[in-house]
Amino acid sequence: MERKAHYDSILDRSKRITWQDDCYVDLQSVSCSTSSQEMEDLGWVQKHQDQLQRFITASFLERILTHLRKMDVLSSTDETKIKEVGRLQDQVNMLTTIVTGKDTQGSDVLRGFIESSDSQVAQFIINYESMVKEHKDVLLRRYEQLRDRDSCSCSKLNISSRTLLLVDGLSDLQQKEHDLMQVGATRGGKRNHLRQLGLAKLLEPLTRVSMPPRVSLTIGVAGIGKTTWVRHFIRQWSQGTICTDVSFVLPFTFCELNSLEKLSAEKLVKMAFPHLTDLSLVLSSSCRTLLILDGLDEFRSTLNFSDAVPCNDPKKEVSIDDLITNIIRGNLLPDIAVWVTARPGVASLIPGGLVDRVTEIPGFSPKDIQVFLNHHFSERDFASKIWAHLESYKILMVMCYIPCFCWILADTLMYIMQSATQETLPRTCTELYAQFCSMKAEVGEPRGREPVKMEQLHGSNRKLLGNLGRLAFYGLLKHKYTFSEQDLRAYGIELLLTQSSLGAGILVREESVIYTTYRFTHLTLQEFLAATFYHVSSKRAIFDLFSESTMSWPKIGFQNHFRSAFQHSQQAEDGHLDVFVRFLTGLLCPAAVKPLSGLLAIGKDDGNLKAWAAGFLQGLLVSGSGVVSLRAVNLAYCLQELQHTELLRTVEEDLRLGSLAGKLTRAHCVVLGYLLHVSPECSEQTNLTASLNCTTVKCLLPQLLYCSHLRLENNHFKDDVMELLGSLLSAKDCHIQKISLADNAISNKGAKALSRALLVNRALTSLNLRNNNIGSKGAKFLAEALKMNQVLVSINFQNNAIEEEGAQALAEVLQCNRKLVSLNIRKNTVGANGAKRIADALKTNRTLTKLILCSNQLGDKGAIALAEALSVNHTLLSLQLQSNSISNRGMTALTKALRLNHGLVSLNLRENSIGVEGAKNMAQALRENNSLQDLDLTANLLHDEGVQAIAGAIKFNQGLTSLHLQWNFIKSSATKALAHALRSNTTMQLLDLQENAIGNEGVIFLAEALKTNTSLRTLCLQGVSAGTSGAVAMAGALMTNNSLQTLDLRGNAVGMQGAKNLANALKSNRSLKSLNLQENSLGMDGAIFIATALKGNHQLTYINLQGNGIGESGAKVISDAIRANAPGCVVDI
């Protein structure tokens, strides 16, 4: 009867179906009702297809088959067919296919059996969809309320458009150091080698054969947006846009868990989500459930994975820390996925072996900061002014990597700029937070009034700020960052005041089903308020403030308390007091305390304390020994907050100029470490050429980790230093992308140390070992590493005596390495056999694009071997074979290869022995090859006949853009052929004919060609025996040519008349940017002609008039004239 009533109700609901929104069609006839029933029955099986496949067990399937056989729905053949398909899910799929393929009775019987069954499997199938829908609705309502707090109105910076970084565990820096020290050291730099992972793929396998992660860990410094990402994920999942295979998401914050002591896993879920009536479904292996644990750093209990009491019963009550430990370990709820978020330092409490995937939330890049400012300020002038301010005060720029700090800075600076008081913008973090607190206290006050005074502000603000400072300080000492209402009352903070402008601006209230907590807007704000409390209290305290009880040794006077703070800071291994002492130092700067004058009982300061503190800090800088630690670097941060920056500026200037040699004292090394943190210019190009020795390398080693491009040339480094640098490059924290060790004394032992580092390094892309002595043995060590290394793309072995044996080792690398793009083995005596080994490797290599084999005694045999490779290799773009004794025979082989090759772009054959025959072969190749763009035949034996052949090919070639023919015994007849070719050629951009005796006649031919040619940009005619008539002809060409940009006429005899004609041409020419008339017998008059001509020419940016007998007085006159007429033009006289 119940079953009949149920189907009757289905029929009643079926009488009306939706038709085009709100219009309905009535379905009252009997025949229509029957049709509707069939649709509903068939629809029920199809609608529950996912649940049937997800929840049916083998035993329950057996019961279904038995029942359907008994009811004559299935035949024995059907049953056999179902059981033979293999996997359980496939059997269920076959069952539903067969049942729905029969008449409605089969579907009706299957549905009736499941709905009448009291088994847990049946209940899962029936209730699953409604439970999931209700749960999503509850979460969406709960987290939709927080959307305004989490969202960014700028679409380019929304989480939807951002990605996580997939990282390989935690680095030493992340595990041991303060968040801001991490940001400073890495400068928020994007690590290009890291894989990006969209939030939607957080729980997906990385490959087709890998498993989804059970425990995922997402790290990020304070204020980076971990909770925002979690809330965004929950909203997206609740709306069905991501992770649709996840049935239930159970989000918790560790703030909530702090209020709990002892409970079971089921009780925890029931307490937070009372609407989930069937926990056996939610926590079963049949459903994919995700448990989110947000903010591990806010958990007050200690996760002890070694001593936690094992528990695998979800109904058993255990302590909250044991509960979390057992869930992460997989003892409890092993079938559910777990997503933990934490600050990096605390995340290290979870053993790496328990975590399947670690992701990191990236902060704002400089480009993101600009986008944020442009979007945040409606007036673009505000945004550009603030950006310029950030570029001037780099510590603020570094801090803006953290989105939360970026918000604080933008709001504060906007308030200041809109104020009529026109206060200067803050230069340090201390000044910024002082202005921020002042702003929050002044909200609602009329703007433009006098700076706030103590008597003008309500006393409650002073009391509130003082009590918040005390809470912040003692919370910081206990590593406590979230606070209960009871904590606030204990420190004299009235809950009503937390809703005031100042209270709400400083404290954030977090409410949940379980508990209500408070935290400071950002960790740095807690540290700032802790510093204000200590600053004020230390002036009258008689006991050590680091002991909250009064039972401590007497300590009187601000200076003693100041020393005590730094002593505690230097002793704190995790650096959690670093930023606190920065703020404490910054509060000694008058500009920082001025905005707080009405909020804190600071008293008057005659400036003596600032001077004393500067001396104290500098004393600490020089007093240390050994390695420059981050604790020492923090002292330089403190000097910056104090605005005592003389030493900082001196070291920065020396580093920029590359003049640190002999100046790297202990203090300089500390400041250098600081500059590598805050200055992108210093870290992106760290030039320590001829500045270091073994001792200073040891001292600076930890700070060099965070350079991008490290230049350590000409430091006389030997193998002992290579051991140190090897350890540097092996470190997980290493950010060095390029390192140059050129011009040192590195042998094969040093190369071995580097090779060990390359086996594990994942950041270095370029290694320069030019002019060392690693030999063939060192080349072998490095080659073995390069077979495994998948990051390095460029390596320079120039002048290292690697010889044939070393070349063979590198050839083996080219056969297996798929990352190396550029290889320089110039001047290594590899010989023809070494070249043959490399050529054989090039036949299969498809990644190398640049190969430099100059000065290696290759001869024709080597050239022939390389030619064979070029016939099949089309990925090599640049081949340099300068000074290799290649004759016509080798040239013939190379040109035959060029006819087949369509990849090579640049070929350097300078300083060989190629003659007329070789030139003719090249000409034939150029008629067929249109991929070669740069051909260098300087200093060969081409003569007029060879060049005439090449000129004939240029008429038809459409690829060559650069042709170098210096020192080839060319005369006017060959120049005439080249000029004739230029009249029709439309691709040639550079022609170099230096040191060929083409004379005036040859220059005149070229000048005539320039009148019609529109492609040539650079013409080099140094030392071509040209005189006045040639210069006059060239001047005539410049009157009409609008494409030539560089003209080099050095070492000719242009004379005064030629200069006069060129000057007249310059008055009308609008394309020429560089003109070199060095050593041309211009005299004073000729030079003056050129100088005065620039008055009407604003395109020329460089002119060289050296060696023209002008004299010092004449040089001054001409220089002044050029500066007056063309201030943007650089002149060498």
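Residues numbered from 1 in each chain as written. Predicted model: local features only at pLDDT ≥ 70, side-chain atom pairs only at ≥ 80, totals over all residues. Heavy atoms only, no water.

A. Structural detail: the sheet that holds strand β14 (residues 516-520). Pairing in this open sheet of three strands is antiparallel, and the strands run β12-β14-β13 from one edge to the other. The sheet terminates laterally at β12 (482-483) and β13 (507-511), the two strands that pair on one side only. Judged from the two bridges that link them, β12 and β14 form a sheet pairing that is antiparallel. The partner of Thr482 across the bridge, within β14, is Arg519. (Pairing = 2+ DSSP bridges. Helix = DSSP H or I, 4+ residues; strand = E, 2+ residues; numbered from the N terminus.)

B. Spatial organisation of unusual backbone geometry. Non-glycine residue Asn771 carries a positive phi angle of around 60°. Relative to the helices and strands, Asn771 resides in the loop between β18 (766-768) and α38 (775-788). Despite not being glycine, Ser1081 shows a phi value in the positive range, around 55°. As for its position among the elements, Ser1081 is in the loop between β29 (1074-1076) and α49 (1083-1093). Taking the relative accessible area as the measure of exposure, Ser1081 reaches 56% and is therefore exposed. (Buried < 20%, exposed > 50% of the residue type's maximum accessible area, 1.4 Å probe, protein only.)

C. Region of interest: the pairing of strand β8 (residues 289-294). The element β8 is extensively covered by neighbouring structure, given that six of its six residues are classed as buried. Side chains Thr289, Leu291 and Leu293 project from β8 onto one buried face, and the interleaved Leu290, Ile292 and Asp294 project onto a second face that is buried too. As defined by bridge partners, strand β6 (residues 248-253) adjoins β8 across six bridges and the pair is classed as parallel. Bridge pairing links Val249 to Leu290 in β8.

D. Representation of the nonpolar core within the structure. By size, the foremost hydrophobic cluster in this structure holds 379 residues, and its most contacted members are Phe233, Phe580 and Leu741. By residue number, the principal contributor to this core is helix α21 (residues 403-418), which donates eleven residues. Setting aside its immediate chain neighbours within four residues, Phe580 contacts Phe473, Leu476, Glu527, Ala530, Ala531, Tyr534, Phe546 and Ala565. (Core = buried A, V, L, I, M, F, W, Y, C linked by side-chain atoms within 4.5 Å. Contact = heavy atoms within 4.5 Å.)

E. Up close: α49. Residues of α49 that are buried: Gly1086, Ala1087, Ile1090, Ala1091 and Ala1093. Buried positions in α49, seen along its axis, are confined to an arc of 170° and lie on one side of it. Buried residues in α49 make contact with α48 (1055-1068), β30 (1102-1104) and α50 (1111-1125). (Arc of directions from axis to C-beta.)

F. Structural view of the environment of Leu281. The residue Leu281 is located in helix α15 (residues 279-282) in this model. Residue Leu281 is classed as buried on the basis of its relative accessible area, which comes to 0%. Note: C-alpha distance between Leu281 and Tyr474 (193 residues apart in sequence) is 45 Å. If we ignore the near neighbours within four places in the chain, the residues touching Leu281 are Phe55, Phe124, Tyr128, Met131, Phe248 and Cys287.

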